[in-house]
Amino acid sequence: MSAEPSEGANPELPLFPLQAVLFPGGRLTLKVFEARYLDLIGRCLRERLPFGVVCLRQGAEVRRAGRRDPAQFEMRGVNAHLDDVDAEQAGILRVVAVGRQRFVLDAPRQQSDGLWLARTEPLPDDESVAPQARHLATVKALANAIATLRQQGSQPFIEPFRFDDAGWVANRWCEILPISLAAKQKLMELDQPHLRLQLVDEFLRSKGVVA
């Protein structure tokens, strides 16, 4: 899928630009049918490799025939590791992946088949810190939201639930809040879990979700 990296260079990571922001610990469900991404998933399965998810700022997820992809995407994203792959029908895969470590892109390039690749530099994981007392109502509201979603037959989050982790709580809220992709991207990039949870808490209070 890519040229062999020179000795000592970081291997290039295949990229999946999406109109979505993946957060560490988040679940990503995709329906894959384009040849470039079918090949990507096949390689990741064989070699047990991750792929990178980056949020599109311009362009479409699906490549149009006969045209190079004019995609512009964020330079920070999240590694996605395959959790389940199912062939729904010939030529279509249903893929479930899990977000892991954040990264910053270095020198992205596009192959002739439309697939983007880039070297990446890992970003530090969130420090595991407990939510502050003033944010406990937001933690409880997330637990209530999860219970409601379960009653509706939906389970968007991966267990075990970590209500004692400020970053985990903030990330799960960010995934379901009705905010712009640009706002979600900025929240994902924040390297202070308490600040991320504080911003989520302020939004929920402004909407009357949390008193």
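Quick summary incoming for the structure in this document. Since the structure is predicted, the reported quantities are computational estimates derived from the model, not experimental observations.

Moving on, we come to the nonpolar core. Core analysis: the largest hydrophobic core is formed by 42 residues, its most contacted members being L30, V32, F51 and W173. Excluding its chain neighbours within four sequence positions, the residues that come into contact with L30 are F16, L18, F51, L93, R94 and V95. Of all hydrophobic cores here, the second largest spans 10 residues; its members include V54, A71, L105 and W116.

Our next topic: the packing of helix 2 (residues 136–151) against helix 3 (residues 166–176). Orientation of helix 2 relative to helix 3, taken along the N-to-C sense of each, is 50°, at an axis distance of 10 Å. When the axes of helix 2 and helix 3 are compared, the pair comes out oblique. In the packing of helix 2 onto helix 3, the handedness of the crossing is left-handed. Residues T138, V139, A141, L142, A145 and I146 of helix 2 lie in contact with helix 3, whose contacting residues are W168, V169, R172 and W173.

With that out of the way, let us pick up the environment of F161. Along the chain, F161 turns up in the loop between helix 2 and helix 3. Along the primary structure F161 and I146 are separated by 15 residues, whereas in three dimensions their C-alpha atoms are 9.8 Å apart. Excluding residues within four positions of it along the chain, F161 makes contact with I146, R150, Q155 and W168.

Criteria and cut-off values
Residues numbered from 1 in each chain as written. Predicted model: local features only at pLDDT ≥ 70, side-chain atom pairs only at ≥ 80, totals over all residues. Heavy atoms only, no water. Core = buried A, V, L, I, M, F, W, Y, C linked by side-chain atoms within 4.5 Å. Buried < 20%, exposed > 50% of the residue type's maximum accessible area, 1.4 Å probe, protein only. Contact = heavy atoms within 4.5 Å. Axes fitted to C-alpha atoms, helices over the stretch in contact; angles between N-to-C directions. Helix = DSSP H or I, 4+ residues; strand = E, 2+ residues; numbered from the N terminus. Parallel < 35°, antiparallel > 145°, perpendicular 65-115°, else oblique. Left-handed = near helix turned anticlockwise from the far one by under 90°.

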